Amino acid sequence: MCIRDSNQRVQLRDIENAHQGRIHAMVISSDSSKVITGGSDGKIRVRSLPEGDLLYEIEHDPSISTMTLTISQGGKYLFAEKRRSIYVYDLETKSLFQKIYEAHNNDEIKFLKMTSDDKNLISVTLSEIKIWSLPNLELKHTFWNRTINSMISFAITSDNKYLITGSYDGQIGVWSLEQRQLVYIEAKTRYFDTLASLSISNDNKLLVTGSGDGTVNLWDFNSRPSEELVKFTFEDAYQKLKDKMLKKI
């Protein structure tokens, strides 16, 4: 495990044996004072930043690799998965707060993410999305995926209005949290290749997708995602930024 200063671009500390085995998940607290890691040893470890000192350890499950971690904006709760179950840890008391066995019935959980207002937790499997109210994890809604083939990448818009998923066959799905339904499918990605990753800008205007063939695509994710997504190139993005800067002169 390596801690670097992003401003100076220098390595601050190299921590050997941070876990016994691979580190599968990592999250930094919103105040940047802690980094939390989950490893193949089934442990969750909390370290100080930037020092990297071990503050404490949470025994999650020694037989299960911790693959997904997310933390509330206030830094009080940590969420982790164990196959199809969800665990909530109270970081102030350093103890298990709540757990839901078999939160999903069919597939293992691939993603856990908080909405930025700390009101909802989103859990995603290959075939369904569930919305949980916080902190008590009461199920609010389930999106049943009967249209998109296996969701393997996921993002939430910063205004908490839309969920975006990418699939094995290259489809982009846009799900409305307000309407509680799938509102748009984009199936014109290159060669219908696997959308292994995606991310959306903080202003919710630019969606970036990464495909299995090494292609990165940029999409104009405007304020009306139910309309057609417009794909453009890095050159187009640079020109838009240049035009915007020229208008300010």
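Source: prediction; values computed, not measured.

Conventions adopted
Along each chain, numbering runs from 1 in the same order as the chain's sequence is written. Owing to the predicted nature of the model, reporting of local features is limited to residues with pLDDT of at least 70; listing and counting of side-chain atom pairs is limited to 80 or more, with chain, interface and lining totals taken over all residues. Where side-chain values are given, they derive from all heavy atoms of the structure, hydrogens and water being excluded. By definition, any uninterrupted DSSP run of H or I lasting at least four residues is a helix, any uninterrupted run of E lasting at least two residues is a strand, and each is numbered from the N terminus. Exposure is judged per residue with a 1.4 Å probe applied to protein chains only, and the accessible area is read against the type maximum: over 50% gives exposed, under 20% gives buried, and values in between give partly exposed. Working rule for contacts: check all heavy atoms of both residues, and any pair within 4.5 Å makes them a contact. In this scheme Phe, Tyr and Trp rings, the latter by its six-membered ring, pair at centre separations within 6.5 Å, and the angle between planes marks the pair as stacked below 30 degrees, edge-to-face above 60, and tilted otherwise. Definition used: whenever NZ (Lys) or CZ (Arg) falls within 6 Å of the ring centre and also within 35 degrees of the ring normal, the charge is taken to sit over that ring.

Asker: What should I look at first to understand unusual backbone geometry in this one?
Answerer: Glycine aside, residues mostly have negative phi, and peptide bonds are mostly found in the trans state. The step from Leu49 to Pro50 runs through a cis peptide bond, and the omega angle for that step is 5°. With a phi close to 60°, Ser32 is a non-glycine residue in the positive phi region. With respect to the element layout, Ser32 can be found in the loop between β3 (23-28) and β4 (34-39). On the accessibility criterion, Ser32 (47% relative accessible area) is partly exposed. Unlike most non-glycine residues, Asp118 shows phi in positive territory, near 65°. Tracing the sequence through the fold places Asp118 in the loop between β11 (111-114) and β12 (120-124). Judged by its relative accessible area of 24%, Asp118 falls in the partly exposed class.

Asker: What exactly am I supposed to notice about the environment of Ser197 here?
Answerer: Relative to the helices and strands, Ser197 is located in strand β19 (residues 195-200). Classification of Ser197 as partly exposed rests on a relative accessible area of 40%. Not counting the four nearest positions on each side in its chain, Ser197 is found in contact with Ser153, Val208, Thr209 and Gly210.

Asker: Explain the packing of aromatic side chains here, please?
Answerer: Aromatic ring pairs are reported here in terms of the distance separating the ring centres and the angle at which the planes meet. In total, this model carries five aromatic pairs according to the counting rule given. Arranged with centres 6.3 Å apart and planes meeting at 20°, the rings of Tyr87 and Tyr89 form a pair that is stacked. The pair formed by Tyr87 and Tyr89 is uniform in burial state, with each residue classed as buried. Plain terms: the ring middles of Phe143 and Trp175 are 5.5 Å apart, the flat faces sit at 70° to each other, and that makes the pair edge-to-face. Residue Phe143 is located in strand β14 (residues 138-144), and its partner Trp175 is located in strand β17 (residues 172-176); the two are separated by 32 residues in the primary sequence. Phe143 gets classed as buried once you look at its relative accessible area, which sits at 3%. Sitting over the face of the ring of Tyr56, Lys94 holds its NZ or CZ atom 4.9 Å from the ring centroid.

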